[in-house]
Amino acid sequence: MKILLTALLLILTHNSFADGLYTGAWSYHLHQDKWREVGWPLNQTHNLIAYQHDKYLVGYYKNSFGDDTYMIDIDVYSKQFHDIKFTLYAGASYGYRFCAFEEADFSERKACPHAFPEFKYTKFKTQPAFLIMPCCIAISFFHSFD
């Protein structure tokens, strides 16, 4: 974690390479009552920090179950509508103990493929971003360096 944060800070000092940085993520889990009923821990504050350059997104967060998770994604489709930008990301994460739509298994952490849409309000340098995941809806803030 410290190495990732240090690398991100070094990259930010050369922000000619940076398009922006996501900080923080807060989620609402669609099945939170079911998860809590069976005793699964539930994290809704994800401590996201993610660096975006061109079409690539690399970052770290605490997943819904409190595990350290690393992600790498690529923008596969984007469309700007006035001050709203829609982006579809696809990639992978490492840190979950089971992937979406799998039977819950809290054994080993593993790599999981994923895709998720994002809606971002782009009028200002700090932009609220809504991320729609299979299990939750999250809000984060993107800080544009352009």
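Being a predicted model, the structure only gives us computed values, none of them experimental.

About the criteria used
- Within each chain, residue numbers correspond to sequence positions counted from 1 in written order.
- Residues qualify for local features only when their pLDDT is at least 70, as the model is predicted, and side-chain atom pairs are given and counted only at 80 or more; totals for whole chains, interfaces and linings, by contrast, use all residues.
- Calculated side-chain values reflect all of the structure's heavy atoms, with hydrogen atoms and water omitted.
- Numbered from the N terminus, helices here are DSSP runs of H or I no shorter than four residues, and strands are runs of E no shorter than two.
- Residues belong to one nonpolar core when they are buried, are Ala, Val, Leu, Ile, Met, Phe, Trp, Tyr or Cys, and are joined through side-chain atoms within 4.5 Å.
- Relative accessibility decides the category of a residue: with a 1.4 Å probe and only protein chains considered, values under 20% of the type maximum give buried, values over 50% give exposed, and everything between is partly exposed.
- Any two residues whose heavy atoms approach within 4.5 Å at even a single point are treated as in contact.
- Here, strands pair whenever DSSP counts at least two bridges between them.
- Axes here refer to lines fitted to C-alpha atoms; in helices the fit is confined to the stretch in contact. Angles between the N-to-C directions go from 0 to 180 degrees.
- Two cysteine sulfur atoms form a disulfide, by the criterion used here, when they sit within 2.5 Å.

Its location among the elements puts glycine 59 in strand β3 (residues 56–62). Each C-alpha atom, one on glycine 59 and one on threonine 69, is 8.5 Å from the other, the two residues being ten residues apart in sequence.

Counting residues in hydrophobic clusters, the biggest one holds 22 residues, and the most contacted among them are Tyr22, Leu48, Ala50, Leu57 and Met71. With three residues, the top contributor of residues to this core is strand β8 (residues 136–144). Residue contacts for leucine 57: discarding those within four places in its chain leaves Tyr22, Ala50, Tyr51, Gln52, Met71, Ile72, Asp73 and Tyr89.

Right, let's get into the sheet that holds β3. Spatially, β1-β2-β3-β4-β5-β6-β7-β8 is the arrangement adopted by the eight strands of the closed barrel, whose pairing is antiparallel. Pairwise comparison of adjacent strand axes, ignoring direction, gives a mean angle of 30 degrees for this sheet. In terms of strand pairing, strand β5 (residues 84–96) meets strand β6 (residues 110–121) through twelve bridges, oriented antiparallel. Bridge pairing in β6 places tyrosine 94 opposite alanine 111.

Scanning the entire structure with this criterion turns up one disulfide. What pairs with cysteine 99 in a disulfide is cysteine 112, and their sulfur atoms sit 2.1 Å apart. One disulfide, between cysteine 99 and cysteine 112, carries an S-S torsion of -90 degrees and so falls in the left-handed class. Of this pair, cysteine 99 sits in the loop between β5 and β6 while cysteine 112 is found in strand β6, placing the two residues 13 residues apart along the sequence. There is no split in this pair, since cysteine 99 and cysteine 112 are both buried. Unpaired in this structure, cysteine 135 has its nearest cysteine sulfur neighbour in cysteine 136, at a distance of 3.8 Å.

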